[in-house]
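As a plain string of letters, each chain reads:
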Amino acid sequence: MVRPCRHRLGEKLTAQWMAHLCGLCLALRGDHGQLARIVTNYDGLLISVLTEAQTERGDAGRRTAGPCPLRGMRTASVAHGEGARLAAAVSLVLASAKVRDHVADGDGLLARRPVALAARRVAASWDRAGARTGSAVGFDTAVLLDAVDRQTGVETLAGPGTAILTVTEPTETATAAAFAHTAVLAGRPHNAGPLAEAGRLFGRLAHLLDAVDDRDADAASGAWNPLTATGTPLEEARRLADDAVHGIRLALREVEFRDGGLAHRLLVHELPNSVHRAFGTVSCAHGTGPYAPPGTPGAPLPPEPPRRDRRGALAGCAVWLGLACTCQLCCGTYEDPWSGERKEGTCANCDCSGCGDCCQCCQCCNCGGEDGCCDGCDCGCDCGC
């Protein structure tokens, strides 16, 4: 749901974002093996972001990771420690729930009995793995599993006239517990209350936007959709989504952060973009994701000097193959396999003229700076791009 555009993040926050994304991926691999890395997701890394944002010594939760094809086979400073492990545990359990949901619906290949059986086994192993990692950081994943189990019953009983918030409640409870535990890990228990509220509303928003995104496809396939099943009109779903975004902003004002810049950017300024995308009201031509076009609002980053540590022909070809397999040569920011120079994929060029006020999204306050929009400030502006 949270897919920030690098153009809006700026260089500093983009580096932090990638540190948490890589940290979550490596935490999954380190504790649960290579296959677990496929559950790496943007929303899950918010747990790691929130933990570090509250921790007194945020730099203590970083380490240098080895070369990876997604980084052009370069090393990088990545998040690690309890925040990344909590994010991994939550991601595993929720991914397990998603797999079981698709199996129950008979989606795609999962309609075939042998594939469905294998998928159930993978889901069960992820449940156990998430529980182990959660226990290691003091988090009981039973609250997540209970929410997943209750979700099925709630959906079975829901029908026309059922309040849509009845359907979203299990998801709200699960995300509230995960958000609140970041305060425990960071040693700031007084933050647990407002973070639980922010997590509850984040879960509500995620459920609503997922329902909106899937509405047409579910109608075509005959799959269950909460909006259709309860007869909730899109106008009401939009009202609830906007209320949730506003509530998250208010809840975060009560949280004591050490460095809340990235958390503020993602949860205050990016969530409205998620709502706009789902309802098709406002869009930005710059694209989304951490590999979207570089630069700060209104101005591109200056080019970096060429690197001198050139690779040989064979090593460069190996790195090129890795970049091609991960689509960065087309859609990403990458380092040239031979020279090490930063380059943009062929799809990364953007035209500011097509996105309205996107390039000036934070001129409503004076805190944009070179590090991104409203770097942790409580400016009260509501940038919509």
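Bear in mind the structure is a predicted one, so any value in this text is a computation, not a measurement.

Undergrad: Is there a simple way to think about the overall build of the chain in this case?
TA: A count of helical and extended segments in the chain gives 12 helices and four strands. Across the 385 residues in the chain, those meeting the buried criterion constitute 50%. Surface exposure of the chain reaches about 17500 Å², of which carbon and sulfur atoms provide 55%.

Undergrad: What is the right way to look at the packing of helix H7 (residues 192-221) against helix H10 (residues 261-279) in this model?
TA: When two helices pack together, their arrangement is given by the angle between their axes and by how far apart the axes lie. Between H7 and H10, the least distance of the axes is 9 Å, while the angle of their chain directions is 20 degrees. Considering the angle they form, H7 stands roughly parallel to H10. Along this stretch, H7 crosses H10, giving a crossing that reads as left-handed. Across the interface between the two elements, Phe202, Leu205, Leu209, Val212 and Asp213 of H7 pack against Leu267, Leu271, Ser274, Val275, Ala278 and Phe279 of H10. For the contact of H7 with H10, a count of residues per class yields nine nonpolar, one polar and one charged.

Undergrad: Any chance you could explain the packing of aromatic side chains here in plain terms?
TA: The description of an aromatic ring pair uses the distance of the two centres, along with the angle that the planes make with each other. A full pass over the atoms with the stated rule returns two aromatic pairs. Pairing Trp17 with Tyr42 gives two aromatic rings, centres 5.3 Å apart and planes at 65 degrees, and the pair type is edge-to-face. Of this pair, Trp17 sits in helix H1 (residues 6-32) while Tyr42 sits in the loop between H1 and helix H2 (45-54), placing them 25 residues apart in sequence. Note on Trp17: relative accessible area 0%, which makes it buried. On the basis of an interplanar angle of 35 degrees and a centroid distance of 5.6 Å, the ring pair of Phe179 and Phe202 is categorised as tilted. With Phe179 in helix H6 (residues 164-185) and Phe202 in helix H7, this residue pair connects regions lying 23 residues apart in the sequence.

Undergrad: Could you clarify how one ought to interpret the environment of Ser125 in this entry?
TA: Position of Ser125 among the secondary structure elements: in helix H4 (residues 113-136). Judged by relative accessible area, Ser125 falls into the partly exposed class, the value being 29%. Separated by 33 residues in sequence, Ser125 and Leu92 have C-alpha atoms that sit 9.2 Å apart.

Undergrad: What am I meant to see in the pattern of salt bridges here?
TA: Two side chains carrying opposite charge are able to pair once their charged atoms lie near each other. Enumeration over the complete set of coordinates arrives at 15 salt bridges. With a shortest N-O distance of 2.7 Å, Arg200 and Glu197 are connected by a salt bridge. Residue Arg200 and its partner Glu197 are both found in helix H7; the two are separated by three residues, about one turn of the helix. Residue Glu197 is classed as partly exposed on the basis of its relative accessible area, which comes to 31%. Connected through salt bridges with shared partners, the residues Glu172, Glu197, Arg200 and Arg204 form a single ionic network.

Undergrad: Sorry if this is basic, but what is going on with the pairing of strand E1 (residues 62-68) here?
TA: For a regular strand, side chains alternate in direction, first toward one face of the sheet and then toward the other. One ladder, built from five bridges, connects E1 with strand E2 (residues 74-79); its direction is antiparallel. By the bridge assignment, Arg63 is partnered in E2 with Val78. Linking E1 back to E2 in an antiparallel pair, the connection comprises five residues, with Gly72 at a positive phi of about 65 degrees.

Undergrad: So what exactly am I meant to see when it comes to the environment of Pro272 here?
TA: Mapping Pro272 onto the fold places it in helix H10. Residue Pro272 is classed as buried on the basis of its relative accessible area, which comes to 8%. Separated by 27 residues in sequence, Pro272 and Val245 place their C-alpha atoms 6.7 Å apart.

Undergrad: What should I look at first to understand H4 in this one?
TA: Residues lying three or four places apart along an α-helix face the same way, a consequence of the helix completing one turn every 3.6 residues. Look at H4: 35 Å from first C-alpha to last across 24 residues, which is about the 34 Å you get at 1.5 Å a residue. Restricting attention to buried positions, one finds in H4 the residues Ala116, Ala119, Ala123, Trp126, Asp127, Ala129, Gly130, Thr133 and Gly134. The inward-facing, buried residues of H4 contact H1, helix H3 (82-105) and helix H5 (142-157). One or two residues past the end of H4 sits Gly138, with phi positive at roughly 80 degrees.

Undergrad: Would you take a moment to explain the nonpolar core for this structure?
TA: What tends to happen in soluble globular proteins is that the nonpolar side chains get buried as a cluster. With 79 residues, the main nonpolar core has Phe202, Leu205, Leu267 and Leu271 as its most contacted residues. Non-local contacts of Phe202, meaning those with residues more than four positions away in its chain, are made with Met1, Val2, Asp43, Leu46, Phe179, Ile248, Leu267 and Leu271.

Undergrad: It is not clear to me how the state of the cysteines should be interpreted in this structure. Could you clarify?
TA: Disulfides are covalent bonds that connect the sulfur atoms of two cysteines. This structure, assessed with the given rule, holds zero disulfides. Just so you know, Cys22 is unpaired, no disulfide at all, and the nearest cysteine sulfur is the one on Cys68, 6.3 Å from it. Taking the relative accessible area as the measure of exposure, Cys22 reaches 14% and is therefore buried.

Undergrad: I would appreciate a short explanation of the packing of H2 against H6 in the present structure.
TA: The contact between H2 and H6 brings their axes to 8 Å, and the two run at 30 degrees. Relative to H6, H2 is oriented roughly parallel. Remark: the crossing between H2 and H6 carries right-handed chirality. For the pair H2 and H6, the contacting residues are Ile47, Leu50, Thr51 and Gln54 in the first and Ala178, Phe179, Thr182, Ala183 and Leu185 in the second.

Undergrad: I tried to follow the confidence of the model for the chain on my own but got confused; where do I start?
TA: Caution applies to low-pLDDT parts of the model: their predicted coordinates are not meant to be read in detail. The predicted model of the chain averages 79 in pLDDT, with 72% of residues at 70 or higher. Counted against residues more than four places away or in other chains, residues 283-308, with its pLDDT under 50, gives 76 contacts. For residues 346-385, every residue scores under 50 in pLDDT, and the model assigns this stretch 79 contacts once sequence neighbours within four places are set aside.

Each value, and the rule that gives it
Residues numbered from 1 in each chain as written. Predicted model: local features only at pLDDT ≥ 70, side-chain atom pairs only at ≥ 80, totals over all residues. Heavy atoms only, no water. Helix = DSSP H or I, 4+ residues; strand = E, 2+ residues; numbered from the N terminus. Buried < 20%, exposed > 50% of the residue type's maximum accessible area, 1.4 Å probe, protein only. Areas by Shrake-Rupley, 256 points an atom, 1.4 Å probe, with all protein chains shown as cover. Axes fitted to C-alpha atoms, helices over the stretch in contact; angles between N-to-C directions. Parallel < 35°, antiparallel > 145°, perpendicular 65-115°, else oblique. Left-handed = near helix turned anticlockwise from the far one by under 90°. Contact = heavy atoms within 4.5 Å. Nonpolar A, V, L, I, M, F, W, Y, C, P; charged D, E, K, R; others polar. Phe/Tyr/Trp six-rings, centres within 6.5 Å; stacked < 30°, edge-to-face > 60°. Salt bridge = Lys/Arg side-chain N within 4 Å of Asp/Glu carboxyl O. Pairing = 2+ DSSP bridges. Expected span 1.5 Å × (residues − 1). Core = buried A, V, L, I, M, F, W, Y, C linked by side-chain atoms within 4.5 Å. Disulfide = S-S within 2.5 Å. pLDDT = per-residue confidence, 0-100.

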